[in-house]
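Coordinate inspection notes
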Amino acid sequence: MFKNFKGIIMTTAGAACWGLSGSVGQYLFDVQQMDSRWLVPIRLGLAGIILLIYCMMRYGAKTFAPFKRKESALILLLYGITGISACQFFYFLTIELSNAAMGTILQDLAPVFILFYTCLSMRRPPKMLEIGSIIIALVGVFFLTTHGNIGNLSIGHDALISGILSAFCVMIYNVLAPKLSDEIPLIAAQAWSFTLGGIILGILFRSWTIVYHPNIYGLAGIAFVVIVGNIAAFSLYISGVKIIGPQKASLYSFAEPITATLISAVVLHTDFTIWDILGFSLIFMMLWLITLNQRYTTNALTDQK
């Protein structure tokens, strides 16, 4: 009983850390005037170096296991660059272009893409509950982006596209993660993903040419999104998932958008309309329905054994 409660607390805390990180990211963009092309490579690189040092101390040579085979190295690169790193960049870009709550809720459309991938890979049509979940999600996005007026877009096209891309990248790393788990500890895969992502995005955006000198609050914000938003969030959430399992964990991951929305509204004074609240509620409902479907499918498979 205590162990299960511990898993719930760790999972919820990890998700809340991601929500807090998004809100701090909004502060860095709105108040400190940082550029996501400057912040994200630094955030990824610093978190990656810290985690790599930890992995080398704990796992030793096993940390470098994926680079012994070309296929494993390629999967790690796809997982780290097109999945983890691209997801984080598009997530923070969405926040920069809109706000933390919008960036988080659009990223939470990821289960829709995961559902599409599952249906394609299993060569099966979506179930009625799954179709209903997708329709609810689309209606939620419609309310968020138009506020009920089809001729009006309440957020920029760029923010909408980057938010959807962040959700798509979440699908990529969720699909590729199981292919790495047998050869490398997941935290080591995350460490390499952060490190490689920081290097490649830094080169791609030529971050060194973006002139920015953070003050003490900017430095504190960077430290927060690295330590709390990357290292603590990942460690807590994954540790909780190991205890209570991914199906239950997905229920408590709602702490991320809830935290980001509350802080955006209360601390950062982001304006929310009734249409935004309705859109958020519908996407929450979509997440709940997909989770319910996953639990039902898992229980059905268990009963058949």
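The following paragraphs examine the structure supplied in this document.

Basis of the calculations
- Residues numbered from 1 in each chain as written.
- Predicted model: local features only at pLDDT ≥ 70, side-chain atom pairs only at ≥ 80, totals over all residues.
- Heavy atoms only, no water.
- Helix = DSSP H or I, 4+ residues; strand = E, 2+ residues; numbered from the N terminus.
- Buried < 20%, exposed > 50% of the residue type's maximum accessible area, 1.4 Å probe, protein only.
- Contact = heavy atoms within 4.5 Å.
- Expected span 1.5 Å × (residues − 1).
- Bend = angle between axes of the 7 residues up to and from the residue.
- Phe/Tyr/Trp six-rings, centres within 6.5 Å; stacked < 30°, edge-to-face > 60°.
- Patch = residues over 30% accessible without salt bridge, like charges linked within 9 Å, V, L, I, M, F, W, Y side chains within 5 Å.
- Areas by Shrake-Rupley, 256 points an atom, 1.4 Å probe, with all protein chains shown as cover.
- Salt bridge = Lys/Arg side-chain N within 4 Å of Asp/Glu carboxyl O.

As for the overall build of the protein
Along the protein, the regular secondary structure elements total 12 helices and zero strands. Listed N to C, the secondary structure of the protein is α-α-α-α-α-α-α-α-α-α-α-α in terms of helices and strands. Per-residue burial over the protein gives 52% buried out of 305 residues. Across the protein, the fraction of contacts at a sequence separation of at least 24, relative to all contacts at a separation of at least 6, is 85%.

Some thoughts on helix 3 (residues 70–97)
The terminal C-alpha atoms of helix 3 lie 38 Å apart, and with 28 residues this matches the ideal 40 Å at 1.5 Å per residue to within 8%. Taken as a whole, helix 3 carries its principal kink of about 35 degrees at Ala86.

Things to note about helix 8 (residues 186–205)
Over its 20 residues, helix 8 extends 28 Å from the first C-alpha to the last, a length consistent with the 28 Å expected when each residue adds 1.5 Å. With 15 of 20 residues buried, helix 8 is to be regarded as a mostly interior element. Positive backbone phi, at 50 degrees, marks Arg206, one or two positions downstream of helix 8.

Things to note about the packing of aromatic side chains
Taken as a whole and judged by the stated rule, the model has eight aromatic pairs. Measuring from ring centre to ring centre gives 5.1 Å for Trp38 and Tyr212, while their planes differ by 65 degrees; the resulting arrangement is edge-to-face. Highlighted residues: Trp38 in helix 2 (residues 36–59) and Tyr212 in the loop between helix 8 and helix 9 (216–244), separated in sequence by 174 residues. Assigned by exposure class, Trp38 and Tyr212 land together as buried. An aromatic cluster of at least three residues, connected via ring pairs, comprises Phe29, Tyr91 and Phe92.

Focus: a nonpolar patch on the surface
Taken together, the side chains of Met128, Ile131, Ile135 and Val139 present a nonpolar region at the surface, about 370 Å² in accessible area. Within the fold, Val139 resides in helix 6 (residues 128–146).

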